[in-house]
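Okay, here's what each chain looks like letter by letter:
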Amino acid sequence: MSKNILVLPGDGIGQEIVTGAVKVLACLRDDFGLDIEMDEALIGGAAYDAAGHPLPQATIDLAKEADAVLLGAVGGPKWEPLDISVRPEKGLLGIRKELGLFANLRPAILYPQLAGASTLKPEVVSGLDIMIVRELTGGIYFGQPRGIRELENGEKEGFNTLVYRESEVDRIVRVAMDIAMKRNKRLCSVDKANVLECTEMWRDVATKVGADYPEVALSHMYVDNAAMQLVRAPKQFDVMVTTNMFGDILSDCASMLTGSIGMLPSASLDEHGKGMYEPIHGSAPDISGKGVANPLATILSVAMMLRYSLNESAMADQVEKAVNSALDQGLRTPDIYSEGTEKVGTEAMGDAVVKALREG
Ligand SMILES: NC(=O)c1ccc[n+]([C@@H]2O[C@H](COP(=O)([O-])OP(=O)(O)OC[C@H]3O[C@@H](n4cnc5c(N)ncnc54)[C@H](O)[C@@H]3O)[C@@H](O)[C@H]2O)c1
Ligand SMILES: CC(C)[C@H](C(=O)O)[C@@H](O)C(=O)O
Ligand SMILES: [Mg+2]
């Protein structure tokens, strides 16, 4: 039976970057026999404009029926004046929660062709391959109480709550441990256990889970040090596991080690392997509409979809090979451009990947 893929382009560069990824999926369907059907729906600011809500019920229903979801990006200055409860970002948080996508895998891999585009010296990043496992449906993003209240003296006070249950920490650390077992058997759990009780508990749970994985070398690091170590000596890390907010920040940081945030894909998975796939970057209002956004993070997210939700790891390898081929040809969107390479736009980069895929 055909697998159903729901495409949610979203806002800003979302539509531009999703186009190349959809072409990749269509090529796999037409030339390689991938049995899929694709459907499209609204999310984010586009959904707010059309339906008055960043996550319409129709989108939730389609996403729940789908075998996998491909998302572009949401948000932008147009919707910034809105109340946070109906902002485009709320649509993204809502769909993650509705689908139970608690495990967010963000691989930071340096393509050797881009060593010169990294912010770090080539010798510090060559061969870089880190998997950041970010908890995605808990923590301060979702904790109650939250809000802005007025104090007796008329001053306003804003508040959010960092909260995790042991079971939530246990399941995300197990995901990270299972990944570590398939890689180099090293896991670093990142917390702020010296200050925040919630992450003191996180560390205890991680240690307990670690006892079930005696082959994995488990280490713990405070998040401030982890941010520093990522830019000092990133290859000390193999798999990292952390909270929702720390993972958000550390993955943007790690992305620059690979040359650009436009290179980092992600998979957000539920308990059963159902997933949503999206680049880690946002709607990039500063370059939206210019046709220059890097589509590779989104195309690499398709590779993750093939691997994690569609059980087509050989096709995933093919897509990654095609990305490599486009880079080998010297093609670069502006964010990864360096002297001696050829600057191309979003569409040309996407088409080059499709061509390389078709030609094997
Ligand atoms: N997953 C998501 O949908 C997501 C993620 C992050 C931010 N956002 C939203 O996006 C909007 C803009 O946020 P921001 O500016 O802080 O972050 P951003 O990730 O959109 O952009 C940060 C910088 O990276 C650049 N960039 C991002 N993606 C790129 C790509 N594919 N190719 C080349 N350059 C790229 C942008 O041009 C910008 O200079 C906000 O509304 C934010 O909430 C959405
Ligand atoms: C847009 C925002 C809600 C989102 C997050 O913070 O999770 C984004 O930054 C991301 O990294 O996917
Ligand atoms: Mg982010």
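A quick note: this is a predicted structure, and the numbers were derived from the prediction, not measured.

Caption draft 1: Up close: the site of ligand 2. Taken together, the neighbourhood of ligand 2 is formed by Gly75, Glu89, Leu92, Leu93, Asp248, Ile280 and Gly282. For the shell around ligand 2, the residue count by class is three nonpolar, two polar and two charged.

Caption draft 2: The arrangement of the site of ligand 1 in detail. Taken together, 22 residues lie near ligand 1, and Gly75, Gly262, His281, Gly282 and Asn294 sit nearest. Across the shell around ligand 1, the residue classes break down as eleven nonpolar, seven polar and four charged.

Caption draft 3: Looking closely at the UniProt feature "binding site: substrate" (unreviewed entry) in the protein. The sites that UniProt annotates as "binding site: substrate" (unreviewed entry) are Arg96, Arg106, Arg134 and Asp224. With the annotated positions falling across 129 residues, the maximum pairwise C-alpha distance of 26.6 Å shows that they are not confined to a single cluster. Relative to the elements of secondary structure, Arg96 occurs in helix 4 (residues 88-98). Judged by local crowding, Arg96 falls into the buried class, with 22 C-beta atoms found within 10 Å. The residues contacting Arg96, other than those within four sequence positions of it, are Leu101, Leu136, Thr137 and Ser268. For Arg134, the location among the structural elements is in strand 5 (residues 129-135). Looking at Arg134, the number of C-beta atoms within 10 Å reads 28, which means it is buried. Residues within four places of Arg134 in sequence aside, it is in contact with Asn104, Arg106, Thr242, Asn244, Gly247, Asp248 and Ser251.

How each quantity is defined
Residues numbered from 1 in each chain as written. Chains lettered and ligands numbered in written order. Predicted model: local features only at pLDDT ≥ 70, side-chain atom pairs only at ≥ 80, totals over all residues. Near = placed C-beta within 6 Å. Nonpolar A, V, L, I, M, F, W, Y, C, P; charged D, E, K, R; others polar. UniProt positions renumbered as here; feature names shortened; annotations may be inferred. Helix = DSSP H or I, 4+ residues; strand = E, 2+ residues; numbered from the N terminus. Buried ≥ 20, exposed ≤ 12 C-beta atoms within 10 Å, placed from the backbone. Contact = placed C-beta atoms within 7 Å.

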